Amino acid sequence: HLRQKAFYDPSRHNPKVLVVGAGGIGSNLVPQLTKLGVRDITVYDHDTVAVHNISTTFYTHRHVGKPKVTALAQVVKQMTGSDIRGVHKRFTGKENLKGYDVVISATDSLEARRILFESAVKQKVPFLIDGRIGGEQIRVFALQPTSPHDRKEYAKTVSPKLIPAILPCTAQQVVDVGWATTSLMVRAFRQWFAEERYHPEILMHVPDMNVLVEESRTKHRAKRTTLA
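Calculation rules
Residues numbered from 1 in each chain as written. Predicted model: local features only at pLDDT ≥ 70, side-chain atom pairs only at ≥ 80, totals over all residues. Heavy atoms only, no water. Helix = DSSP H or I, 4+ residues; strand = E, 2+ residues; numbered from the N terminus. Rg over C-alpha atoms; globule rule 2.2 N^0.38 Å. Contact = heavy atoms within 4.5 Å. Lys, Arg positive; Asp, Glu negative; His and termini not counted. Charge placed at Lys NZ, Arg CZ, Asp CG, Glu CD. Pairing = 2+ DSSP bridges. Axes fitted to C-alpha atoms, helices over the stretch in contact; angles between N-to-C directions. Buried < 20%, exposed > 50% of the residue type's maximum accessible area, 1.4 Å probe, protein only. 1 Å grid on protein atoms, 1.4 Å probe; cavity = no way out; pocket = protein on both sides within 12 Å on 5 of 7 lines; lining within 4 Å. Points joined across faces, edges and corners; volume = space filled by probe spheres on them. Nonpolar A, V, L, I, M, F, W, Y, C, P; charged D, E, K, R; others polar.

A.B. asks: In this structure, what is going on with the overall build of the chain? I would like to understand it.
C.D. replies: Regarding its fold elements, the chain presents six helices and ten strands. Computed over the C-alpha atoms, the radius of gyration of the chain is 17 Å, within 12% of the 17 Å expected from 2.2 N^0.38 for a compact globule of 228 residues. Expressed as lengths along the three principal axes of its C-alpha atoms, the size of the chain is roughly 55 × 45 × 40 Å. A sequence separation of at least 24 residues applies to 64% of the contacts in the chain between residues at least 6 apart. Averaging the positions of the 33 positive and the 21 negative side-chain charges in the chain gives two centres separated by 5 Å.

A.B. asks: Looking at this structure, I do not really get the sheet that holds strand 6 (residues 137-143). What am I missing?
C.D. replies: Sheet strands line up and pair through hydrogen bonds in the backbone, either parallel or antiparallel. Pairing in this open sheet of eight strands is mixed, and the strands run 3-2-1-4-5-6-8-9 from one edge to the other. Each of the sheet's edge strands pairs with one partner strand only, and the pair in question is strand 3 (85-87) and strand 9 (210-213). On average, adjacent strands in this sheet sit at an angle of 15° to one another, irrespective of strand direction. Summarising the sheet, strand 6 and strand 8 (residues 201-205) pair through five bridges and their orientation is antiparallel.

A.B. asks: For this particular structure, what's the right way to read unusual backbone geometry?
C.D. replies: For residues besides glycine, phi is generally negative; the peptide bonds are generally trans as well. Its identity as a non-glycine residue notwithstanding, Lys124 has a phi of 55°, on the positive side. Position of Lys124 among the secondary structure elements: in the loop between helix 3 (110-122) and strand 5 (128-134). Look at Lys124 and you get exposed, because its relative accessible area is 60%. Residues other than glycine seldom take positive phi values, yet Glu196 does so here, at roughly 55°. Of note, Glu196 is situated in the loop between helix 5 (175-195) and strand 7 (197-198). Among the residues examined, Glu196 registers a relative accessible area of 37% and is labelled partly exposed.

A.B. asks: Is there a simple way to explain the pairing of strand 6 in this structure?
C.D. replies: Regular strands place their side chains on alternate faces of the sheet. Within strand 6, five of the seven residues are buried, leaving the element largely enclosed by the surrounding structure. Sheet analysis places strand 5 next to strand 6, joined by seven bridges and oriented antiparallel. Across the sheet, Gly134 pairs through a bridge with Gln137, a residue of strand 6. Linkage of strand 5 to strand 6, two consecutive antiparallel strands, is achieved through a turn of two residues, within which Gly135 is found at a positive phi near 65°.

A.B. asks: Explain empty space enclosed by the protein to me, please; I cannot follow it from the model alone.
C.D. replies: Think of a ball as big as a water molecule: rolled over the atoms, this probe shows where empty space is left. Tallied over the full model, the rule gives one cavity of 30 Å³ or more. The computed volume of the largest cavity comes to approximately 50 Å³. Lining the largest cavity we find Val140, Phe141, Ala142, Leu184, Arg187, Ala188, Gln191, His199 and Ile202. Looking at the lining of the largest cavity, the elements with two or more residues in it are strand 6 and helix 5. Class assignment of the residues belonging to the lining of the largest cavity gives a composition of six nonpolar, two polar and one charged.

If you want it as structure tokens, here you go:
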């Protein structure tokens, strides 16, 4: 990791990471994190690899039918030599999140995101990252679940009142958009640990590369607000 230590130094940072979801987002995100130098990663997913997963992930035909977390562990081992912990079950929100430095939502439903968010808030997880793909539109959220302001703003995006747009099966995701999403998520992760700042939301419309970025906040913003 010598060539990237100016951006993220694994000898200084050793976070414990939980990723929920090993599909189109999680399966691309985890290898990137291990290449960055992250060594302690746990992944939850209850699903198995299907043929339609191959076009947007690192999974291959030999992984079809295997639990996604098992297949992902094999992919990561082959690509980086690293080991990850895979949990072949659905994340329910009852799991113990104590000790995790960052929780990452790589799920494909608002309900799953809401369950993860509520659990992260209840258990005071320091940092949460959520990546979303809708066709050629990307949204990446980053927040401190211990910050009242962050909680209030993010809660609006997982409200039960929201009705997600239904896209045709053939227009849900394409590989370049998926990788762009996970790259932005890894960047959010890196900024949090290496630069102690984060952007609460990044919105990208891929066809015209139009990007809207919410103003950066510092890692210690919530603490300073409380003291004031």
